[in-house]
2 protein chains.
Amino acid sequence: MANQSAQLTDVFYALADPTRRAIVGALGRGPQTVSALAAPFEMSLPSFMKHLSVLERSGVVRTHKTGRVRTCELVPRSLTPAERWIAQQRALWEARTERMARFVETLHEEETARDPVRRPRR
Amino acid sequence: MANQSAQLTDVFYALADPTRRAIVGALGRGPQTVSALAAPFEMSLPSFMKHLSVLERSGVVRTHKTGRVRTCELVPRSLTPAERWIAQQRALWEARTERMARFVETLHEEETARDPVRRPRR
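**Q** When you look at the overall build of chain A in this model, what are you seeing that I'm missing?
**A** A count of helical and extended segments in chain A gives five helices and three strands. At 25 Å, chain A has a C-alpha radius of gyration far larger than the 14 Å of a compact globule built from 122 residues. If you line up chain A on its principal axes, its C-alpha atoms span 85 × 30 × 20 Å. Across chain A, the fraction of contacts at a sequence separation of at least 24, relative to all contacts at a separation of at least 6, is 50%.

**Q** What exactly am I supposed to notice about the relation of the copies chain A and chain B here?
**A** Both copies of the chain are tied together by a single rotation about an axis and a shift running along it. Rotating chain A by 180° and translating it 0.0 Å along the rotation axis places it on chain B, where the RMSD comes to 0.1 Å. What the rotation and shift describe, once combined, is the action of a two-fold rotation axis. In this assembly, 100% of the residues forming the interface of chain A have copies in chain B that are likewise at the interface, indicating an isologous arrangement.

**Q** I would appreciate a short explanation of the sheet that holds strand S1 (residues 32-33) of chain A in the present structure.
**A** Sheet strands pair via backbone hydrogen bonds, and the direction of the pair is either parallel or antiparallel. Residues and elements named next belong to chain A. Across the sheet, which stays open at both edges, the three strands sit in the order S1-S3-S2 with antiparallel pairing between neighbours. The open sheet terminates on both sides in strands that have one partner only, identified here as S1 and strand S2 (61-66). Across six bridges, S2 lies against strand S3 (residues 69-74) in antiparallel orientation. Along S3, the bridge assignment pairs Thr 66 with Val 69. Where helix H2 (residues 18-27) meets the sheet, it contacts S1, S2 and S3, and its direction lies at approximately 90° from that of S3.

**Q** What is the right way to read the pattern of salt bridges from this model?
**A** Any two side chains of opposite charge can pair if their charged atoms end up close together. Residue and element names in this part refer to chain A. Scanning the model with the defined rule gives six salt bridges over all chains in all. Two residues, Arg 62 and Glu 73, come together in a salt bridge whose shortest N-O distance is 3.4 Å. Of this pair, Arg 62 sits in strand S2 while Glu 73 is found in strand S3, placing the two residues eleven residues apart along the sequence.

**Q** Looking at this structure, I do not really get the pairing of strand S3 (residues 69-74) of chain B. What am I missing?
**A** For a regular strand, the rule is simple: side chains alternate between the two faces of the sheet. Residue and element names in this part refer to chain B. Taken together, the two bridges between strand S1 (residues 32-33) and S3 define a ladder with antiparallel strand orientation. Among the inter-strand pairings, Gln 32 is bridged to a residue of S3, identified as Cys 72. Remark: two residues form the turn of the hairpin made by strand S2 (residues 61-66) and S3, two consecutive strands paired antiparallel; Gly 67 in that turn has positive phi of roughly 65°.

**Q** Mind showing me how you'd approach the packing of H2(A) against helix H5 (residues 80-114) of chain B here?
**A** To characterise two packed helices, one gives the angle between the axes of the helices and the distance between these axes. It is the contact of H2(A) with H5(B), at a shortest axis distance of 9 Å, that shows an interaxial angle of 25°. Viewed along their axes, H2(A) and H5(B) adopt a mutual orientation that is roughly parallel. Along the contact surface, H2(A) presents A:Arg21, A:Val24 and A:Gly25, while H5(B) presents B:Trp85, B:Gln89 and B:Leu92.

So, how was this worked out
Residues numbered from 1 in each chain as written. Chains lettered and ligands numbered in written order. Predicted model: local features only at pLDDT ≥ 70, side-chain atom pairs only at ≥ 80, totals over all residues. Heavy atoms only, no water. Helix = DSSP H or I, 4+ residues; strand = E, 2+ residues; numbered from the N terminus. Rg over C-alpha atoms; globule rule 2.2 N^0.38 Å. Contact = heavy atoms within 4.5 Å. Least-squares fit on C-alpha atoms with pLDDT ≥ 70 in both. Pairing = 2+ DSSP bridges. Axes fitted to C-alpha atoms, helices over the stretch in contact; angles between N-to-C directions. Salt bridge = Lys/Arg side-chain N within 4 Å of Asp/Glu carboxyl O. Parallel < 35°, antiparallel > 145°, perpendicular 65-115°, else oblique.

Here it is in structure tokens:
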């Protein structure tokens, strides 16, 4: 559980940067070498590598080296817990909104039943 | 667009902390005063307020003061862009996987058509 929370923290932190999100977007189209992946970004290679290592630590991106070439690929299932967490919060909130709406409706029905003047005309 | 990206950065950063995620979870059950919200967390009030202000800056939480009491509530639609962004990445990746699978299938069909020995027996 603590592990899962730490993983969520790492994934959300990895996504909290426009460069890192752009890297994820680029890798969604398929694996790429580090140099091809870095080319469109206007920053030094060391800065780019720092972003890449944040993504790698979070488990969102995986890299492997063949000879002198390092290739990066997305680990799509790594995003599932983050997506699920947000969806759960929404479900929780929507359930609450529905309960509230039902409560207000019941209140209204009780009031109109008690007070004949407020009863809607047929 | 730049604004939307900055908002995504703020929301993902806000969610990149277990205390802040717990605050979002608690507020999913309904609005709460700052003191009631802070009570279950084992930290100083100033530390708690820092987390709350990160959530407020990101737009995930809204607060308002009535007299001396500050009440916090969730802004559920604030999570939508983050949820959508992750879903888009998944869709992009799934489309690519499907294209790959179709390509491999076509390749296999072409090979078996060319080489009668490899044709499956009926």
